[in-house]
Amino acid sequence: MNKNILTNFKDVKIVNKDGTTKKGTAPKSMQEMVKEIQSLLKGWPKVCGNELFYHDPKSGTKVDFISNAAALGGIIGTLTGQPSKFYPYPGYHKLAEFLKELIRVSERFDDIADLPHEPKMPGTYYTCDFPEPGNGDALQGLVDRFSPETQIDSHLILAAIVTLFWGGRGGQRPAFLITSDDGPGSGKSQFVNCLSKLVNGKLDVSPKEDSSQIKQRMLSAEATGKRIFAIDNLKSYKYSNSELEAMITLSEISGKRLYVGEATRPNTFCYFITVNGASLSKDLAQRCVIIKLSKPRYSLGWEDETHDYIEKNQAAIIADVIGFLRKDVEQSEHISSRWGPWYRDVLSRLPDPIEAHRLIRERQQITDVDQEETGIIEDYFRGKLADCRYSVDTEKVFIPNTVATDWYNKATGEKNGTSKVSRILKQKISEECFSCLQVNSSGSYGRGFLWVGQQWDCISTVRTDLLHQIEINGKLA
C-alpha cells in the first residue's frame with residue numbers, strides 16, 4: 001500500500017483453519033487515522049469556528065475551508081497526490097465520521113487573520129508575515145490624504161487607521177462615525193472605502209438589515225479576515241438600534257454559519273458609520289468616536305490615487321502602525337472611558353490625547369439626541385410648574401401620571417398613552433438623564449412623579465396640590 005494514501009483499513013494476515021495464511025484487511029481505529037493524516041499533512045488540517053481549514057504559505061494568505069466529507073477527500077488527494085481509500089464495510093469508519101473527529105481533535109483557533117495585529121491576538125491563526133516597526137512616514141502620508149475639519153480630527157483619523165490593526169480583545173473598539181458640517185460631497189464614503197482597501201475589504205450592512213442575517217454574514221467564510229463593518233450614508237433622525245449598540249460591545253459574535261451550524265468569532269470588527277447631520281440615541285452616541293471631514297481639496301482622481309498609494313505602501317503603512325502601537329507613552333490620569341484599553345493603547349499615543357478625549361466627549365453629547373430631548377422635556381415641566389406659581393428651585397412637587405403624560409406629549413409633539421410615558425420617564429430617570437424629575441417610588445401620593453428642586457431643603461413637605469394649582473391659575477395641563 002502506498003504510504004501517501006489515507007485509508008480506513010490496514011493490511012493483515014488471516015490464519016485459515018488449516019494453518020495457512022492469506023492477505024486481508026481490518027478496520028483502522030480512529031486514533032490511527034488521525035495520527036496518519038497529521039503525519040501525511042504535517043499537522044494539518046486545523047479548526048476555526050467548528051470548520052476545518054488548510055493554509056499553504058506558498059499560496060499567500062489564502063485559506064481553504066473544508067466544509068464537508070467531499071472537500072476533505074479532495075484536499076487529501078491534492079496534498080498527497082493520491083485519492084484516499086475508504087472501504088464502505090460495516091465496522092469501517094466512514095469519511096464523514098473521520099471529518100467530525102478531525103473537527104473535535106485538531107488544533108483549534110478562534111479566528112483567522114490575513115493581516116497583523118499589534119499585539120498578536122491569542123487564538124488567532126495568522127496567514128501573514130509581521131514586519132519590523134516603521135518610522136511613521138507612510139502612515140502619516142495616508143492620514144495627510146484626507147481633509148479633516150480640525151487638527152484633532154486628523155489625529156482621530158490616525159486613531160481609526162491604527163485601530164484596524166490593534167490587538168485588543170473583542171468588543172473593546174469604539175465605533176467611528178464619519179460626518180461633515182459641509183453636507184454631501186465631503187468624502188465620507190470614500191474615507192471608509194480607502195480604509196477598507198488597506199485591510200482587504202469590508203462588510204457593507206444596511207441599517208434596516210435583520211440582526212440574525214447580519215451575524216450570519218459576519219460568520220461566513222467570505223467575512224473571515226474582514227475588519228470593517230460599514231453602514232454607509234445613514235439617513236435617520238435620532239437613529240437607534242439596540243442590536244447594533246449591543247453588537248459593538250460584544251466580545252464575540254455568535255450565530256448560525258451556513259452548512260456548519262452554530263459558530264463564533266472574536267468581535268474584532270471596527271464599526272464605521274457615515275452620515276450627514278448625525279443624531280443618535282444616547283447608547284449609540286456613547287459608543288462612537290465622531291470624526292468630521294471638511295470639503296475635500298483634492299482632484300477628481302483623488303480616490304483612485306489614494307487606492308494606488310495604499311496598494312504600493314500597504315506593507316510600509318502596517319509597519320508604521322506596529323511602530324505606533326509599540327512606542328512608549330506616558331499614560332494620562334485625566335482620561336477615563338468605557339473604552340479603557342483602547343484609550344490606553346491607541347488614543348493615549350496621539351499627539352494630544354487630552355484634547356482628543358475632550359472633543360470626543362463633546363461631540364458625543366452634541367450628537368446625543370436623547371440628551372437634547374431630555375432637556376426639552378425637563379424645561380417644559382419646569383415652565384409649567386412655574387406657571388402654577390411653584391418655586392421650581394426650592395420646592396418638591398408631586399406630578400400625577402395624567403399631568404406628566406400630557407406635559408410629556410406636548411413637549412415632544414408625540415401622542416403616547418399614560419403607560420408608555422410612564423415607562424419612558426422611569427427609564428430616563430434610571431439612566432440619570434434628569435436633574436429634577438424623580439420616580440415617586442413610595443406611591444403615597446398616588447401614581448406619578450416628583451419634581452425635586454435642586455435647592456429643596458429636604459425638610460419641607462411635598463406639594464400635592466398640582467391639579468388645584470392648574471385649575472386656579474387657569475393653566476391647562
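Since the structure is predicted, the reported quantities are computational estimates derived from the model, not experimental observations. Residue numbers run consecutively from 1 along every chain, following the written order of its sequence. Restriction of local features to residues with pLDDT of at least 70 applies here, the model being predicted, together with a cutoff of 80 or more for giving and counting side-chain atom pairs; totals for whole chains, interfaces and linings are based on all residues. Only heavy atoms go into the side-chain values, all of them from the structure, while hydrogens and water stay out.

Novice: I keep staring at the overall build of the chain and nothing clicks. Help me out?
Specialist: Counting its regular elements, the chain contains 16 helices and 18 strands. For every residue, the accessible area obtained with a 1.4 Å probe (protein chains only) is divided by the maximum for its type, and the residue is called buried under 20%, exposed over 50%, and partly exposed between those limits. For the chain, buried positions account for 49% of its 477 residues. Whether two residues touch is decided by their heavy atoms; if any such pair falls within 4.5 Å, the residues are in contact. Considering only contacts in the chain between residues 6 or more positions apart, those separated by 24 or more positions represent 70%. Accessible area for the chain stands at about 23600 Å²; split by element, carbon and sulfur atoms hold 48% of it. The way it works is that DSSP assigns letters per residue, a run of H or I at least four long becomes a helix, a run of E at least two long becomes a strand, and they are numbered from the N terminus. For the accessible areas, the method is Shrake-Rupley and the probe is 1.4 Å, while residue cover comes only from the protein chains on display.

Novice: Just checking my understanding: could you explain the sheet that holds strand β3 (residues 46-48) for this structure?
Specialist: As a general point, the strands of a sheet are linked pairwise by backbone hydrogen bonds and lie either parallel or antiparallel. Two strands are counted as paired when DSSP detects at least two bridges linking them. On the basis of which strands lie adjacent, the open sheet formed by four strands has the order β5-β4-β3-β6 and mixed pairing. At either margin of the open sheet sits one strand with a lone partner, and together these are β5 (63-66) and β6 (108-109). Sheet topology places β3 next to β6; two bridges connect them, and they run parallel. The partner of V47 across the bridge, within β6, is R108. Contacting β4 (51-55) and β5, helix α2 (residues 69-80) runs over the sheet at an angle of about 135 degrees to β5. Orientation is described by axes fitted as lines to C-alpha atoms, over the contacting stretch for helices, and by angles from 0 to 180 degrees between their N-to-C directions. Where helix α3 (residues 95-105) meets the sheet, its contacts fall on β3, β4, β5 and β6, and the angle it forms with β4 comes to roughly 80 degrees.

Novice: Help me understand the pattern of salt bridges, please; the structure alone is not making it clear to me.
Specialist: Side-chain pairs of opposite charge can arise where the charged atoms are in close proximity. Definition used for salt bridges: Asp or Glu carboxyl oxygen within 4 Å of a side-chain nitrogen of Lys or Arg. Here the structure, examined in full by the defined rule, presents 20 salt bridges. In this structure, the salt-bridge partner of E32 is K10, at a minimum N-O distance of 3.3 Å. Of this pair, E32 sits in helix α1 (residues 30-40) while K10 is found in strand β1 (residues 9-15), placing the two residues 22 residues apart along the sequence. Under the relative-accessibility criterion, E32 is labelled partly exposed at 34%. A relative accessible area of 33% places K10 in the partly exposed class. With its nearest N and O atoms 3.4 Å apart, the salt bridge here joins K202 to D204. One network of salt bridges, in which partners are shared, links E149, D153 and R363.

Novice: What am I meant to see in the sheet that holds strand β16 (residues 396-400) here?
Specialist: Spatial strand order, β16-β18-β17: three strands in an open sheet with antiparallel pairing. The open sheet is flanked by β16 and β17 (437-439), the only strands paired with a single partner. Direction aside, neighbouring strands of the sheet carry axes that sit 30 degrees apart on average. Sheet topology places β17 next to strand β18 (residues 448-452); three bridges connect them, and they run antiparallel. Considered in β18, the bridge of V439 is made with F449. Helix α14 (residues 401-412) contacts β16 and β18 of the sheet and is inclined by roughly 85 degrees relative to β16.

Novice: Please explain the side chain of K292 as it appears in this structure.
Specialist: One can find K292 in strand β15 (residues 288-292). Overall, K292 belongs to the buried group, its relative accessible area being 18%. Not counting chain neighbours up to four residues away, the residues in contact with K292 comprise P148, E149, D153, T179, D181 and R363.

Novice: It is not clear to me how the packing of aromatic side chains should be interpreted in this structure. Could you clarify?
Specialist: When we look at a pair of aromatic rings, we describe it by the centre distance and by the angle of the planes. The aromatic pairing rule takes the rings of Phe, Tyr and Trp, using the six-membered ring of Trp, and pairs them if the centres are within 6.5 Å, calling planes under 30 degrees apart stacked, those over 60 edge-to-face and the rest tilted. A complete count under the given rule lists 23 aromatic pairs for this structure. Relative to Y54, the ring of W44 lies with its centre 5.4 Å away and its plane at 75 degrees, an arrangement referred to as edge-to-face. Highlighted residues: W44 in the loop between α1 and β3 and Y54 in strand β4, separated in sequence by 10 residues. Take W44 and Y54: they sit in the same class, and that class is buried. By the ring-pair criterion, three or more aromatic residues cluster together here, those being W44, F53, Y54, F65, F109 and Y125. Over the ring of W44 we find K46, and its NZ or CZ is 4.7 Å from the ring centre. We call a charge positioned above a ring when the Lys NZ or Arg CZ atom is no farther than 6 Å from the ring centre and deviates by at most 35 degrees from the ring normal.

Novice: Teacher, can you tell me more about unusual backbone geometry here?
Specialist: Residues apart from glycine generally show negative phi values, whereas peptide bonds are mostly found in trans. Along the chain, W44 connects to P45 via a cis peptide bond; the corresponding omega equals 0 degrees. Residues E118 and P119 are joined by a peptide bond in cis, for which omega reads 0 degrees. At N233, a position not held by glycine, the phi torsion is positive, near 55 degrees. Locating N233 in the fold gives a position in strand β11 (residues 228-234).

Novice: Mind showing me how you'd approach helix α7 (residues 211-218) here?
Specialist: The periodicity of an α-helix, 3.6 residues per turn, causes residues three or four places apart in sequence to face the same way. Among all positions in α7, only S211, I214 and M218 are buried. The buried residues of α7 occupy an angular sector of 55 degrees when the element is viewed end-on, so they sit on one face. Looking at the buried side of α7, the elements it contacts are β10 (203-204), β11, α8 (242-249), β12 (252-257), β13 (261-266) and β14 (270-275). What the arc describes is the spread of directions from the helix axis to the C-beta atoms.

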